[in-house]
Amino acid sequence: MEWFEAVLLGLIQGLTEFLPVSSSGHLEIGKVLLGVETNDDLLFTTMVHAATVLSTIVVFRSQIWDLLKGFFCGLKDLKVGKDEAGKKMLVCNDQTDYLLKIVLSMIPVMIVGLFFKDQVEVLFGSIHVVGVALIVTALLLFFSDYASRPGRKSIFPANEYRNGISYWQAFAIGLGQAFAVVPGLSRSGTTISTGLICGVRREAMAQFSFLMVLVPILGETFLEIVGGEFGASSVGALPLILGFISAFVSGFLACKVMIALVKKAKLSWFALYCLIASAAIFIFA
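Thresholds applied
- Residues numbered from 1 in each chain as written.
- Predicted model: local features only at pLDDT ≥ 70, side-chain atom pairs only at ≥ 80, totals over all residues.
- Heavy atoms only, no water.
- pLDDT = per-residue confidence, 0-100.
- Helix = DSSP H or I, 4+ residues; strand = E, 2+ residues; numbered from the N terminus.
- Expected span 1.5 Å × (residues − 1).
- Contact = heavy atoms within 4.5 Å.
- Salt bridge = Lys/Arg side-chain N within 4 Å of Asp/Glu carboxyl O.
- Buried < 20%, exposed > 50% of the residue type's maximum accessible area, 1.4 Å probe, protein only.
- Phe/Tyr/Trp six-rings, centres within 6.5 Å; stacked < 30°, edge-to-face > 60°.
- Lys NZ or Arg CZ within 6 Å of the ring centre and 35° of its normal.

Moving on, we come to the confidence of the model for the protein chain. Summing up the model confidence of the protein chain, the mean pLDDT is 80 and the portion of residues at 70 or higher is 81%. Per-element averaging of pLDDT across the protein chain places helix α12 (residues 229-232) at the bottom with 53 and helix α8 (residues 167-179) at the top with 92.

Here is the structure:
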């Protein structure tokens with residue numbers, strides 16, 4: 001991989017990470033268009049994903065700090081109590097409640113990473129897998145847009161959950177993220193669509209979707225670094241560094257704009273784009 005190819009791929013990653021169009025799928029498309037052969041080397045993909053996660057941390061730094069501060073301050077008051085109906089419930093502050101829901105949402109993707117990593121890696125490098133997954137992403141986006149439009153009765157009972165999301169909704173969204181390890185199946189699109197279908201408001205879903213991915217991707221990056229993947233990588237150090245910087249800068253600049261767009265724009269437009277991209281893959285690949 002040449003340095004300019006790494007910069008372009010990092011740019012693609014940074015710009016598409018915050019849209020429901022699959023950044024991993026677009027990375028595979030970019031590799032095919034540039035003629036880059038990294039099918040057996042996921043380190044570059046992991047590094048540029050980590051770069052956009054870091055840009056997310058910078059953008060959400062105040063919210064993350066408030067969550068962590070509230071979580072550690074509230075640990076001493078954590079206990080099991082009962083609600084008005086006499087059912088057992090966890091008594092904690094808002095920050096602790098929100099972080100526990102994020103942790104719960106991470107469990108499915110961690111199981112996939114621990115036990116099915118080899119099977120997932122086989123899917124990378126196949127542009128036709130990306131094409132099929134983009135169609136699935138489009139269907140999810142179309143359905144969630146239809147299910148969550150104003151005035152339409154939700155499939156699930158409308159409840160005002162604490163922090164705008166319940167524990168069962170957090171776990172369901174986590175299941176969506178676990179399936180989104182497939183290249184072409186948008187992580188943000190899948191998690192946001194799952195949340196909307198489960199009755200989570202779009203405003204609450206956008207932030208939760210971007211925060212829930214922080215630990216899994218940073219953890220995967222750390223494991224690859226300590227596992228000696230840098231030495232085994234077919235991509236040189238310079239392209240890795242430049243790709244990381246490109247993804248971080250483009251992700252940082254795009255993050256706020258893209259999050260606002262996801263909150264307000266109809267997901268059907270993104271679904272249409274995914275269908276067009278999928279059609280282009282099967283016609284020209």
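This brings us to α8. For α8, with 13 residues, the first-to-last C-alpha span of 19 Å sits near the 18 Å given by 1.5 Å per residue. Where α8 is buried, its residues contact α5 (94-115), α9 (187-197) and α10 (202-211).

This next bit is on the pattern of salt bridges. Per the stated rule, a full pass over the model turns up one salt bridge. Residues Asp97 and Lys101 are paired through a salt bridge, measuring 2.8 Å at the closest nitrogen-oxygen approach. Placement of the pair is Asp97 and Lys101 together in helix α5, with a separation of four residues, close to one helical turn. Taking the relative accessible area as the measure of exposure, Lys101 reaches 2% and is therefore buried.

Turning our attention to the packing of aromatic side chains. Per the stated rule, a full pass over the model turns up two aromatic pairs. For the ring pair Tyr98 and Phe208, a centre distance of 5.7 Å and an interplane angle of 85 degrees mean the geometry is edge-to-face. Here the residue Tyr98 occupies a position in helix α5, and Phe208 occupies one in helix α10, the gap between them amounting to 110 residues. On the basis of relative accessible area, Tyr98 is assigned to the buried category, the value being 6%. Aromatic side chains Phe248 and Phe252 sit 6.5 Å apart centroid to centroid with 15 degrees between the ring planes, which places their arrangement in the stacked category. Placement of both Phe248 and Phe252 in helix α13 (residues 237-264) is noted, with a separation of four residues, approximately one turn of the helix. Residue placement shows Lys101 over the ring face of Tyr167; its charged tip is 5.2 Å from the ring centre.

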